[in-house]
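Structure assessment
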Amino acid sequence: MECIKVKDLLKRYGNTVVLNGISFEVKCGEKWALLGPNGAGKSTTLKILAGLIKPDKGEVSIKGHDPTSLDAKRLIGYLPEDADPFPALTVEDNLKFMMVLRGIKNEDRAEKLLELLELDKYRKYKAVELSRGNKQKLAIAMAVLHSPEILLLDEPLNYLDIPSQDLVIELFRSFRDSTFVVSTHIMSVADKLTHKVMVISNGSIKWMGTFEELKSMGESVEKVIAKLIKGA
Ligand SMILES: Nc1ncnc2c1ncn2[C@@H]1O[C@H](COP(=O)(O)OP(=O)(O)OP(=O)(O)O)[C@@H](O)[C@H]1O
């Protein structure tokens, strides 16, 4: 069954076309990387899937729901690029606020995430007082608090040191049955979190396939991706 269906997406900012007829389908449980250079249209695609912005043309379905609907929002956990939790709230109050928004009654989940991401000692810190990496970890905890079926992650490992990356990767890997779309321009990040790759450049999908296919294309994966981006 498809969890995400996207057909002929067109998005303009002013006169600039930033998504030019993108179509793809993601089956439930699949984990896809959206790989492409700066400005390719990755974040814009994720924002449309998360229902934050609307395309100018095209269709998007999240398990049959419009992405702006409450039904879709219940299914989705979205981590924006440069996520910024509420600065004046403490770490634990940010999580409590999300619990209220999401209608989560049991506090165990928030406690477990604080422990798992080693944020426990910062629970009384206001988000504004956190380091950039710890802010990212808090934003990740907030995005996954409701154990979403569909995770839309924009550059999830940004700002994280290697031990923190390992904690976050372990957390995401615990979402075995969830559907992932992960935007990144770093191949190694894609490789750690996903199994399939969409290469996007200039608002168009240039290639879709598995890591195995990419790796069997002869040259180093980075070189193959660079060629796919150029459309060579
Ligand atoms: N709010 C906006 N107003 C105008 N142009 C925008 C806006 N948001 C994005 N763009 C433009 O849309 C294009 C695609 O941007 P997008 O952020 O989707 O790219 P990206 O692939 O996520 O890039 P990056 O890897 O740098 O984050 C870029 O040319 C960007 O300048």
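Residues numbered from 1 in each chain as written. Predicted model: local features only at pLDDT ≥ 70, side-chain atom pairs only at ≥ 80, totals over all residues. Heavy atoms only, no water.

The chain carries the name ATP-binding cassette domain-containing protein in an unreviewed UniProt entry, which gives Stygiolobus azoricus as its organism. UniProt annotates the chain under Sequence similarities (unreviewed entry) with the comment "Belongs to the ABC transporter superfamily." (UniProt positions renumbered as here; feature names shortened; annotations may be inferred.)

For the rest of this paragraph, the subject is the packing of helix α5 (residues 132–144) against helix α6 (residues 162–173). What describes two packed helices is the angle between their axes and the distance between those same axes. Orientation of α5 relative to α6, taken along the N-to-C sense of each, is 5°, at an axis distance of 12 Å. Compared by their axis directions, α5 and α6 come out roughly parallel. Judged by residue contacts, K137, I140 and V144 of α5 engage S164, L167, V168, L171 and F172 from α6. Counted by class, the contact of α5 with α6 contains six nonpolar, one polar and one charged residues. (Axes fitted to C-alpha atoms, helices over the stretch in contact; angles between N-to-C directions. Helix = DSSP H or I, 4+ residues; strand = E, 2+ residues; numbered from the N terminus. Parallel < 35°, antiparallel > 145°, perpendicular 65-115°, else oblique. Contact = heavy atoms within 4.5 Å. Nonpolar A, V, L, I, M, F, W, Y, C, P; charged D, E, K, R; others polar.)

Quick look at the packing of aromatic side chains now. In this structure the tally under the stated criterion is three aromatic pairs. Here F86 and F97 contribute two aromatic rings whose centre-to-centre distance is 5.0 Å and whose plane-to-plane angle is 90°, an arrangement assigned as edge-to-face. Of this pair, F86 sits in the loop between β5 (76–79) and α3 (91–102) while F97 sits in helix α3; the two residues are 11 residues apart in sequence, bridging distant segments of the chain. Seen from the ring of Y13, K11 lies directly overhead, with NZ or CZ sitting 5.3 Å from the centre. Lying across the ring of F180, K31 places its NZ or CZ 4.9 Å from the centre. (Phe/Tyr/Trp six-rings, centres within 6.5 Å; stacked < 30°, edge-to-face > 60°. Lys NZ or Arg CZ within 6 Å of the ring centre and 35° of its normal.)

Non-glycine residue K63 carries a positive phi angle of around 50°. The residue Y159 is not glycine, and still its phi comes out positive at about 75°. Looking at where Y159 falls in the secondary structure, it is placed in the loop between β6 (150–154) and α6.

What follows deals with the sheet that holds strand β2 (residues 16–27). Spatially, β2-β1-β4 is the arrangement adopted by the three strands of the open sheet, whose pairing is antiparallel. The open sheet is flanked by β2 and β4 (57–62), the only strands paired with a single partner. Neighbour to neighbour, the strand axes of the sheet diverge by 15° on average, direction disregarded. Relative to β4, strand β1 (residues 2–13) runs antiparallel, the two sharing five bridges. Among the inter-strand pairings, K5 is bridged to a residue of β4, identified as S61. Across the sheet, helix α1 (residues 42–49) touches β1, β2 and β4, and the angle it forms with β2 is around 60°. (Pairing = 2+ DSSP bridges.)

Core analysis: the largest hydrophobic core is formed by 34 residues, its most contacted members being L95, L138 and F172. Secondary structure elements with two or more residues in this core: α3, α4 (108–116), α5, β6, α6, β7 (179–184) and α7 (187–193). Considering every element that reaches this core, the biggest residue donor is α5, with seven residues. Residues contacting F172, with those up to four places away along its chain left out, are I140, V144, L151, L153, P156, F180 and L193. (Core = buried A, V, L, I, M, F, W, Y, C linked by side-chain atoms within 4.5 Å. Buried < 20%, exposed > 50% of the residue type's maximum accessible area, 1.4 Å probe, protein only.)

With that settled, consider the site of the ligand. Lining the immediate environment of the ligand, one finds Y13, V18, P37, N38, G39, A40, G41, K42, S43, T44 and E81. At a separation of 2.8 Å, an oxygen atom of the ligand approaches a polar side-chain atom of K42. In the complex, 60% of the free accessible area of the ligand, which totals 640 Å², lies under the protein chains. Broken down by element, the shell around the ligand gets its largest block of residues, three residues, from α1. Split by residue class, the shell around the ligand holds four nonpolar, five polar and two charged. (Near = heavy atom within 4 Å. Polar contact = N/O pair within 3.5 Å; in protein donor to acceptor, adjacent residues only side chain to side chain. Areas by Shrake-Rupley, 256 points an atom, 1.4 Å probe, with all protein chains shown as cover.)

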